[in-house]
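Residue-level structural notes
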Amino acid sequence: MMDVFYVSVDVGTGSVRAGLFTSDGCMVCTATCSLEMNQSEPHFYEQSSRNVWESTCSVVKEVVSGVKNREQIRGIGFDATCSLVALDGALSPVTVSLSGEDNWNIVVWMDHRAEVQAARINALSHPVLRNVGGKMSLEMQPPKLMWLKEHVYESCWKKARHFMDLPDFLTFKATGSLSRSMCSLVCKWGYQASEENGCYWDDSFWQSIGLQELVSDAYAAIGNLNNICNRVNLMSLK
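1. Observations regarding the sheet that holds strand β3 (residues 27-34)
Here we have four strands laid out as an open sheet, ordered β3-β2-β1-β5, and mixed in their pairing. At either end of the open sheet lies a strand with only one pairing partner, and these are β3 and β5 (73-80). The sheet shows a mean angle of 15° between the axes of neighbouring strands, direction not considered. Strand contacts of helix α1 (residues 49-64): β1 (5-11), β2 (15-22), β3 and β5, with the helix running at about 30° to β2, the strand carrying the most contacts. Where helix α5 (residues 166-175) meets the sheet, it contacts β1 and β5, and its direction lies at approximately 150° from that of β5.

2. Side note on the pairing of β1
Residues F5, V7, V9 and V11 of β1 are buried on one face, while the alternating residues Y6, S8 and D10, pointing to the opposite face, are not. Bridge count for β1 against β2 is seven bridges, and the pairing is antiparallel. Bridged to S8 within β2 is G19. Hairpin connection between β1 and β2: a loop of three residues separates the two successive antiparallel strands.

3. What about the pattern of salt bridges?
Under the definition given, this model contains six salt bridges. Here D10 and R17 are joined by a salt bridge, their closest N and O atoms 2.7 Å apart. A relative accessible area of 26% places D10 in the partly exposed class. Assessed through its relative accessible area of 31%, R17 is described here as partly exposed. Close ionic contact of E213 with K149 constitutes a salt bridge, the shortest N to O distance being 2.8 Å. Taken as a pair, E213 in helix α8 (residues 212-216) and K149 in helix α3 (residues 141-151) lie far apart in primary sequence, 64 residues in all.

4. Some remarks on the packing of aromatic side chains
One pair of aromatic rings is described through two measures. These are the centre distance and the angle between the planes. Taken as a whole and assessed by the stated rule, the structure comprises seven aromatic pairs. Where W201 meets W206, the ring centres are 5.8 Å apart and the plane angle is 75°; that geometry is what we call edge-to-face. Between the aromatic rings of W201 and Y219, the centroid separation amounts to 5.3 Å while the plane-to-plane angle is 20°, which identifies the pairing as stacked. Highlighted residues: W201 in the loop between β10 (198-200) and α7 (203-208) and Y219 in the segment after α8, separated in sequence by 18 residues. Of the two residues, W201 and Y219, both sit in the buried class. Here the aromatic cluster, defined as three or more aromatic residues joined through ring pairs, consists of Y191, W201, F205, W206 and Y219. The ring of W147 carries R113 above its face, with NZ or CZ at 4.6 Å from the centroid.

5. Quick notes on the packing of helix α2 (residues 115-124) against α3
Here α2 crosses α3 at 120°, and the two axes come no closer than 8 Å. By the angle between their directions, the pair α2 and α3 is classed as oblique. Every pair of crossing elements has a handedness; the one defined by α2 and α3 is right-handed. For the pair α2 and α3, the contacting residues are Q117, A118, R120 and I121 in the first and P142, P143, M146, W147, E150 and H151 in the second. Looking at side-chain class alone, the contact of α2 with α3 contains six nonpolar, two polar and two charged residues.

6. Quick notes on unusual backbone geometry
Of note in this structure, H43 is not a glycine but carries a positive phi near 70°. For H43, the location among the structural elements is in the loop between β3 and β4 (46-47). Relative accessible area serves as the criterion here: at 52%, H43 is assigned to the exposed category. Of note in this structure, L91 is not a glycine but carries a positive phi near 65°. Structurally, the position occupied by L91 is in the loop between β6 (84-88) and β7 (106-107).

Thresholds applied
- Residues numbered from 1 in each chain as written.
- Predicted model: local features only at pLDDT ≥ 70, side-chain atom pairs only at ≥ 80, totals over all residues.
- Heavy atoms only, no water.
- Pairing = 2+ DSSP bridges.
- Helix = DSSP H or I, 4+ residues; strand = E, 2+ residues; numbered from the N terminus.
- Axes fitted to C-alpha atoms, helices over the stretch in contact; angles between N-to-C directions.
- Contact = heavy atoms within 4.5 Å.
- Buried < 20%, exposed > 50% of the residue type's maximum accessible area, 1.4 Å probe, protein only.
- Salt bridge = Lys/Arg side-chain N within 4 Å of Asp/Glu carboxyl O.
- Phe/Tyr/Trp six-rings, centres within 6.5 Å; stacked < 30°, edge-to-face > 60°.
- Lys NZ or Arg CZ within 6 Å of the ring centre and 35° of its normal.
- Parallel < 35°, antiparallel > 145°, perpendicular 65-115°, else oblique.
- Left-handed = near helix turned anticlockwise from the far one by under 90°.
- Nonpolar A, V, L, I, M, F, W, Y, C, P; charged D, E, K, R; others polar.

Structure follows, in structure tokens:
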């Protein structure tokens, strides 16, 4: 019987790591590649989605290089920081930086630029907050989206058509699907999901924090859960 393998990818703050595993969980090999980081202002941390994806492809190709038959690779899983990626309508990077450089299109999870915006959200005591412990962290995505609209409107907010968590960006690059992770949306974006009330975006929340454009666009920019991921072809990552 032909041996089968699985690839695990973990994108951290400073590096991306990949591992090749057997079907019973034994690690065969690993590879690591460092990531670029831009600090344009105190407490501002930015990364490049191009650099993240190129580094991801590099480590994946390295760990599967010894596998003779592509059919032996049965799956890949992505894990990453809850960083915010901005893309335009052509799915190209859009700057989140005061520098205006499109290369820096990721607000890193530990970026604290949205402290004022997070405080404004929490002052509203909106029911959405009940599902995140009663208080929204400045490291979550809604306050960061507010900051982008208020501080880089022309260079980012007007141009961006897609905002996504970094793990969802990775699955998009690997599959072509713009689907989002339920876990990411509930934990970091204020998406509502319960057995009692079902799954939905709360229009009143986004309107109350000044991001009504997301509502009028049927939330196309931040998550269409109807999309279905396609199968990834590991050997054609590029």
